[in-house]
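Chain by chain, the residues:
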Amino acid sequence: MLQPLAHTRILSLALNLPGPAALLRCRRMGADCTKLEPPAPAGHASADPMALYSPGAYAALHEGIRVLQAHLKTTEGQAALQAELERADVLLTSFRPSALAKLGLGWEALHARYPRLSLVRIVGTAGARAEEPGHDLTYLADAGLVTGTAMPPTLYADMAGALMASEAVLQAQLARAATGLGQCVEIALADAAAWLAQPRGWGLTVAAGDVGGAHAGYRVYACADGRVAVAALEPHFAARLCEAAGLPPAADPRAAATHAAIAAFLRGHSRAALDALAQERDIPLHTLASD
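Thresholds, definitions, all that
Residues numbered from 1 in each chain as written. Predicted model: local features only at pLDDT ≥ 70, side-chain atom pairs only at ≥ 80, totals over all residues. Heavy atoms only, no water. Helix = DSSP H or I, 4+ residues; strand = E, 2+ residues; numbered from the N terminus. Rg over C-alpha atoms; globule rule 2.2 N^0.38 Å. Contact = heavy atoms within 4.5 Å. Areas by Shrake-Rupley, 256 points an atom, 1.4 Å probe, with all protein chains shown as cover. Lys, Arg positive; Asp, Glu negative; His and termini not counted. Charge placed at Lys NZ, Arg CZ, Asp CG, Glu CD. Buried < 20%, exposed > 50% of the residue type's maximum accessible area, 1.4 Å probe, protein only. Pairing = 2+ DSSP bridges. Axes fitted to C-alpha atoms, helices over the stretch in contact; angles between N-to-C directions. Core = buried A, V, L, I, M, F, W, Y, C linked by side-chain atoms within 4.5 Å. Parallel < 35°, antiparallel > 145°, perpendicular 65-115°, else oblique. Left-handed = near helix turned anticlockwise from the far one by under 90°. Nonpolar A, V, L, I, M, F, W, Y, C, P; charged D, E, K, R; others polar.

Trainee: Go over the overall build of the protein, please, and point to the residues and values.
Mentor: Of the regular secondary structure elements, the protein holds 13 helices and nine strands. What you see for the protein is a C-alpha radius of gyration of 24 Å, clearly larger than the 19 Å of a compact globule of 291 residues, by over 25%. In terms of principal-axis extent, the alpha carbons of the protein reach across some 75 × 45 × 40 Å. Within the protein, residue pairs in contact and separated by at least 24 positions form 64% of the contacts whose partners lie at least 6 positions apart. On the protein, roughly 14,800 Å² of surface is accessible, and the fraction owed to carbon and sulfur atoms is 58%. Computed over 23 positive and 26 negative side-chain charges, the separation of the two mean positions in the protein equals 3 Å.

Trainee: Please provide a residue-by-residue account of the environment of Val 120, values included.
Mentor: Summarising the element assignment, Val 120 is placed in strand S5 (residues 118-123). What makes Val 120 buried here is its relative accessible area of 0%. Expressed as a C-alpha distance, the spacing of Val 120 and Gln 183, which sit 63 residues apart in the sequence, is 8.1 Å.

Trainee: Which residues make up unusual backbone geometry, and what are the values?
Mentor: Backbone geometry at Asn 16 places phi at a positive 70 degrees, although glycine is not the residue there. Its location among the elements puts Asn 16 in the loop between strand S1 (9-12) and helix H1 (18-28).

Trainee: Run through the sheet that holds strand S8 (residues 226-231), naming residues and quoting values.
Mentor: As summarised here, the arrangement of the three strands in space is S7-S8-S9, forming an open sheet in which the pairing is antiparallel. With partners counted over all chains shown, the strands left at the sheet margins are strand S7 (218-223) and strand S9 (285-288), one partner each. The average angle at which neighbouring strand axes cross in this sheet is 20 degrees, direction not considered. Where S8 lies against S9, four bridges are found, and the strand directions are antiparallel. In the strand pairing of S9, Val 228 is matched with Thr 287. Lying on the sheet, helix H12 (residues 256-267) is in contact with S7 and S8; it crosses S7 at an angle near 40 degrees.

Trainee: I'd like to hear about the sheet that holds strand S6 (residues 184-188), residue by residue, with values.
Mentor: The parallel open sheet is built from six strands, whose spatial order is S3-S2-S1-S4-S5-S6. The two strands at the open ends of the sheet, each matched to only one other strand, are strand S3 (66-69) and S6. Across the sheet, the mean angle from the axis of one strand to that of its neighbour is 20 degrees, orientation sign disregarded. Relative to strand S4 (residues 90-93), S1 runs parallel, the two being bridged by three bridges. Bridge assignment links Ser 12 to a residue of S4, and that residue is Leu 92. The sheet contacts of helix H8 (residues 156-179) involve S1, S4, S5 and S6, and relative to S6 the element is tilted by about 170 degrees.

Trainee: Before we move on, can you summarise the nonpolar core with the specific residues and values?
Mentor: If you look at the biggest cluster of nonpolar residues, it comprises 32 residues, and the most contacted ones within it are Ile 10, Cys 26, Cys 33, Leu 92, Val 120, Ala 165 and Val 169. Setting aside chain neighbours within four positions, we find Cys 33 in contact with Ile 10, Leu 23, Cys 26, Arg 27, Ile 65 and Arg 66. Judged by nonpolar contacts, the second largest core, of 22 residues, contains Ala 216, Tyr 221, Leu 277 and Ile 283.

Trainee: Got a sec to walk through the pairing of S7? Specific residues and values, please.
Mentor: When S7 meets S8, the two strands line up antiparallel, connected through six bridges. Paired with Cys 223 across the strands is Gly 226, a residue of S8. Linking two consecutive strands that pair antiparallel, namely S7 and S8, is a turn of two residues.

Trainee: How would you sum up the packing of H1 against H8? Please name residues and give values.
Mentor: Look at H1 against H8: their axes get within 8 Å of each other, and the N-to-C directions meet at 45 degrees. As the angle between them shows, H1 and H8 are arranged oblique. Handedness of the H1/H8 crossing: right-handed. On H8, the residues that touch Pro 18, Ala 21, Ala 22, Arg 25 and Cys 26 of H1 are Asp 158, Met 159, Ala 162, Leu 163, Ala 165, Ser 166 and Val 169. The residue makeup of the contact of H1 with H8, split by class, is nine nonpolar, one polar and two charged.

Spelled out as C-alpha cells, the structure:
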C-alpha cells in the first residue's frame, strides 16, 4: 500500500467516530498518529464515548494509535497539548468553533504560534450553523436520505466525513509543501451527507430512477430461499438476465411485464442456483439470506 503520509505527525483531539476513523485512515497511509483524550472516568480505560458504548469499535479505530490523556483546562493539560503541537504537522479536531477558541486553538491563534501546523476541523454543519448540535441521523435527514421510520443501516455521514477529513489531511500537506505554511480545512458532516445524497437529487435513486427500482435489472428480489440483489444495469447484462428468464434479450427493462417475468424467474430458483447462473452467464448479482 502507498504511504503518502509517511513522516507526517498527526495529533487528534477528536472523539466519537468521524475523527478517530479519519485518524485510522491516516495511520494506514503511513502517518505517525497520536490522540489526546480527556482523563478516563473511574473504572474506565477511556473517556471517549465510543469506548463506553462500543468497546470493540473503539479498539478497532485505535489500532496502532498512540493514545494520551490530559485535562486541557488545566495548566498540566495545556503543557501536554503544547508539547504535542510542537512536534505535530496536522491537528485534527471535532469541537465546535467556540470550544476550540476557549482552548486557544482557534485558527488565527494556532497559526500565529505554529505557522507550519495545519488544522483539519470536523464540524457538524459549515459556516454560521457550525455551533448547532447534531449527529449522523440529523445530517442524513437534512440531506433527504432518511425515508419512512427505518433507521439507516450504517453511519453514512460520519464515515463519509472521515474520508473527507483524511483527504483534507492530504490536501493540507500538499499545500504546505508548496507554500511552507500550514492550512486550515473545515470538514462538515452535513456536507458529507449532501455529497452522498447527490445521486438522489439527480433522480437516479428515486423510485422512477433506473437505480431506484424502475429498471428490472437493478433491484432486490425474493428467491426460493432468500433474496438476490441484481445489478444487470448495462444493456449487455440486462440482455443476459432477460434471456435467462425466458424473455427476448431486447425486452424493455422498465416494462411491468419484464419486472413480473424476472421476479417470477428468480422466485423459482435457489440461492445456489442463482450463484451458479451468475458465474455461467456473467450476470452481476449477489444472493442474500432472508431478512
